[in-house]
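Examining the three-dimensional arrangement
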Amino acid sequence: MDSLIAWATWLEATALGEQMRGSALLYPAFNLLHLLGLVLLLGPMLLLDARLLGAGRAFSLPAVSRTLTPLALVGLLLLLGSGICLFAADAGPLAVDRLLQLKLLLIILGLANALLFRRLWSARLSDWDTYAPLLGRLQAALSLLLWLLVMSLGRLLAYF
């Protein structure tokens, strides 16, 4: 925790932090990029998770995954880049904010769940409609829950 606070203090004092606080356009622009990243990550993730849970069986699961995963990755990269810039504007106080800490923990859990899912099930997606493993379905449901919580916490940060 101390290392996060030290890093946040350093980041806030950098030129990036000063620019994010001092520019009338940068913060809103990065906020819009963050929103775009949110849409590009959550839209595909929610659709893919819904497909994994049995919705839209008319669409091949491997094809759905191949189509939506790159969009989600672009969204994740946009979120990470813009999120660091937004964080830099007020990093000191945000580093100790419990909502942000919970959001970051849930992001880590969501990413770990996604990586574990890929490792365990990506080679078996073509058989998913015949036999969807309970653990795989639980991971898809957990993914839905985690990413919806991350999104909700991110929006709540502005109010608490």
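Residues numbered from 1 in each chain as written. Predicted model: local features only at pLDDT ≥ 70, side-chain atom pairs only at ≥ 80, totals over all residues. Heavy atoms only, no water.

**Remarks on the nonpolar core**
Definition in use: Only buried residues count toward a nonpolar core. Its members are Ala, Val, Leu, Ile, Met, Phe, Trp, Tyr and Cys residues joined through side-chain atoms within 4.5 Å. The rule is simple: take the accessible area with a 1.4 Å probe, protein chains only, and divide by the maximum for that residue type; under 20% is buried, over 50% is exposed, in between is partly exposed. Going along the chain from the N terminus, every DSSP run of H or I of four or more residues is numbered as a helix, and every run of E of two or more is numbered as a strand. What makes two residues a contact is simply this: any of their non-hydrogen atoms within 4.5 Å.
Membership of the largest hydrophobic core comes to 13 residues, with the highest contact counts inside it found for L41, M45, L106, W147 and V150. Looking at this core, the elements with two or more residues in it are α3 (26-52), α4 (61-89), α6 (98-121) and α7 (134-156). Those residues in contact with M45 that lie beyond four places of it in its chain are A72, S143 and W147. By size, the runner-up hydrophobic cluster in this structure holds 11 residues, among which are L61, V64, W121 and A140.

**Examining a nonpolar patch on the surface**
Let me state the cut-off plainly: Two distance rules govern patches: like charges are joined within 9 Å, and nonpolar side chains (Val, Leu, Ile, Met, Phe, Trp, Tyr) within 5 Å, applied only to residues with over 30% relative accessible area and no salt bridge. Reported accessibility uses the Shrake-Rupley method at a 1.4 Å probe radius. Residues are deemed covered only where the shown protein chains occlude them. Salt bridges are counted wherever a side-chain nitrogen of Lys or Arg sits within 4 Å of a carboxyl oxygen of Asp or Glu.
Taken together, the side chains of W7, W10, L16 and I84 present a nonpolar region at the surface, about 400 Å² in accessible area. Note on placement: I84 falls in helix α4.

**What about the packing of α6 against α7?**
This is how it is decided: Axes, fitted as lines to C-alpha atoms, cover a helix only where it is in contact. Angles between the N-to-C directions of the axes lie from 0 to 180 degrees. Any angle that falls under 35 degrees is termed roughly parallel, while one over 145 is termed roughly antiparallel, one within 65 to 115 roughly perpendicular, and all others oblique. We call a crossing left-handed when the near helix sits turned anticlockwise from the far one by less than a right angle, and right-handed when that turn is clockwise. Following the grouping adopted for this structure description, the nonpolar residues are Ala, Val, Leu, Ile, Met, Phe, Trp, Tyr, Cys and Pro, the charged ones are Asp, Glu, Lys and Arg, and the polar ones are all others, Gly among them.
The N-to-C vectors of α6 and α7 enclose an angle of 155 degrees; their axes lie 9 Å apart at closest approach. Taken together, the axes of α6 and α7 lie roughly antiparallel to each other. By crossing handedness, the relation of α6 to α7 is classed as left-handed. Residues that form the contact of α6 with α7 fall into these classes: 18 nonpolar, 6 polar and 1 charged.

**Brief notes about the packing of aromatic side chains**
Going by this rule: Paired rings are identified among Phe, Tyr and Trp, the last through its six-membered ring, by centres lying within 6.5 Å, and are further divided according to the angle between planes into stacked (under 30 degrees), edge-to-face (over 60) and tilted (the rest).
Taken as a whole, this structure holds 3 aromatic pairs when the rule is applied. Arranged with centres 5.7 Å apart and planes meeting at 55 degrees, the rings of F117 and W128 form a pair that is tilted. One end of the pair, F117, is in helix α6; the other, W128, is in the loop between α6 and α7, and 11 residues separate them in sequence. Considered together, F117 and W128 belong to a single accessibility category, that of buried residues. Relative to W128, the ring of W121 lies with its centre 6.0 Å away and its plane at 80 degrees, an arrangement referred to as edge-to-face. Residue W121 shares its accessibility class with W128, and that shared class is buried. Put simply, the rings of F117, W121 and W128 pair up and form one aromatic cluster.

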